[in-house]
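Chain by chain, the residues:
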Amino acid sequence: KQEVTQIPAALSVPEGENLVLNCSFTDSAIYNLQWFRQDPGKGLTSLLLIQSSQREQTSGRLNASLDKSSGRSTLYIAASQPGDSATYLCAVGSYSGGGADGLTFGKGTHLIIQP
Amino acid sequence: NAGVMQNPRHLVRRRGQEARLRCSPMKGHSHVYWYRQLPEEGLKFMVYLQKENIIDESGMPKERFSAEFPKEGPSILRIQQVVRGDSAAYFCASSPSPRAEQYFGPGTRLTVT
């Protein structure tokens with residue numbers, strides 16, 4: 001059964017810093033990995049999708065990497081801004097997940113960017 | 001292209017009543033997924049449907065919960081005889097094909113009193 005862990009659970013940094021969020025998964029038989037952002041009381045916004053054959057994806061100030069063999073992904077945020085404050089969720093699509101066609105989510109990293 | 005739509009956004013039910021949650025996928029998407037987010041918990045997969053078919057319901061509680069995605073109209077998640085433990089945010093996602101990128105709706109926040 002796939003399990004997804006996100007470290008740290010919470011992070012508070014001053015504006016302008018570069019930061020890295022970590023995601024690990026137990027089963028490397030995945031078909032994709034998605035990073036989402038969730039604002040309080042809101043839905044999920046998809047940030048980046050990495051297919052299992054890819055090593056990284058970039059969108060603006062965000063860069064996500066994937067190392068399938070070691071079961072790890074990182075989300076790099078450059079030049080952080082207060083508007084980046086949110087909970088960041090890592091979700092894995094895997095052949096052994098709870099429901100092979102559903103995503104398995106980590107519990108998220110709660111990020112606060114101090115002005 | 002409108003995103004995934006869910007209604008109602010907030011739903012209050014008394015214990016024992018029925019809750020019906022609706023999800024309209026993005027245009028052109030025929031694959032729908034339901035997830036539940038309990039307080040202080042991560043999102044958990046519940047069920048995956050294609051038009052008129054339940055493909056995977058391995059995450060659905062065995063009793064009181066059901067889902068459908070008819071040929072016409074939205075997908076419905078139905079919870080019968082709700083209990084306080086059903087209070088959660090229920091999210092719907094859609095994709096254009098199996099195991100493709102999933103797009104999420106804003107969620108329905110169910111409160112059982």
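Residue positions are given per chain, counted from 1 along the sequence in the order it is written. Ligands are numbered from 1 and chains lettered from A, in the order in which they are written. With the structure being a predicted model, the display of local features is reserved for residues of pLDDT at least 70 and the display and counting of side-chain atom pairs for 80 or more, all residues being used for whole-chain, interface and lining totals. Side-chain numbers here rest on the full set of heavy atoms in the structure, without hydrogens or water.

Right, let's get into the packing of aromatic side chains. In summary, the pairing rule links any two rings of Phe, Tyr or Trp, Trp by its six-membered ring, whose centres are within 6.5 Å, and it sorts them by plane angle into stacked for under 30 degrees, edge-to-face for over 60 and tilted for everything else. In the structure shown here, the tally under the stated rule is eight aromatic pairs over all chains. Centroid distance A:Phe105 to B:Phe104: 6.0 Å. Interplanar angle 85°. Geometry classified as edge-to-face. Note that A:Phe105 is positioned in strand β10 (residues 103-105) and B:Phe104 in strand β10 (residues 103-104), a pairing that runs across two chains. Here A:Phe105 and B:Phe104 have matching classes, each one buried. Numbering goes from the N terminus for both helices and strands, where a helix is a DSSP run of H or I of at least four residues and a strand is a run of E of at least two. Under the scheme applied here, a residue whose accessible area is under 20% of the maximum for its type counts as buried, over 50% as exposed, and between as partly exposed, the area being computed with a 1.4 Å probe on protein chains only.

Attention now moves to the sheet that holds strand β1 (residues 4-7) of chain A. Strands in a sheet are paired, the pairing made by backbone hydrogen bonds, and the direction either parallel or antiparallel. All names here are of chain A. Pairing between two strands requires that DSSP report at least two bridges joining them. Pairing is antiparallel in the open sheet, where five strands are placed in the order β1-β3-β8-β7-β6. Looking along the sheet, the strands with just one partner apiece sit at the ends: β1 and β6 (56-59). Sheet twist, expressed as the average angle between the axes of neighbouring strands with direction ignored, equals 15°. By the bridge criterion, six bridges tie strand β3 (residues 19-25) to strand β8 (residues 72-77) in an arrangement that is antiparallel. Considered in β8, the bridge of Asn22 is made with Thr74. The angle between two axes is taken between their N-to-C directions and runs from 0 to 180 degrees, where each axis is a line fitted to C-alpha atoms and a helix contributes only its stretch in contact.

What follows deals with the interface of chain B and chain A. Two residues qualify as a contact provided that any one of their heavy atoms is within 4.5 Å of a heavy atom in the partner residue. Listed as interface residues are 19 residues of chain B and, on the opposing side, 22 residues of chain A. Salt bridge, as used here, is a side-chain nitrogen of Lys or Arg placed within 4 Å of a carboxyl oxygen of Asp or Glu. Inspection of the region where chain B meets chain A yields zero salt bridges. Looking at the side of chain B that touches chain A, the elements with two or more residues in it are β4 (31-37), β5 (43-50) and β6 (53-56) of chain B. Of the residues belonging to the side of chain B that touches chain A, the class tally is ten nonpolar, five polar and four charged. When residues are grouped by polarity, Ala, Val, Leu, Ile, Met, Phe, Trp, Tyr, Cys and Pro land in nonpolar, Asp, Glu, Lys and Arg in charged, and all others, Gly among them, in polar.

Tallied over the full model, the rule gives five salt bridges over all chains. Linking A:Arg37 and A:Asp39 is a salt bridge whose minimum nitrogen-to-oxygen distance equals 3.0 Å. Residue classification places A:Asp39 among the partly exposed positions, given a relative accessible area of 24%. For the salt bridge of B:Glu18 with B:Arg78, the shortest nitrogen-to-oxygen distance reads 2.9 Å. Of this pair, B:Glu18 sits in the loop between β2 (10-13) and β3 (19-24) while B:Arg78 sits in strand β8 (residues 75-79), placing them 60 residues apart in sequence. With a relative accessible area of 26%, B:Arg78 lands in the partly exposed category. One continuous salt-bridge network, built from bridges that share partners, spans B:Glu18, B:Arg20 and B:Arg78.

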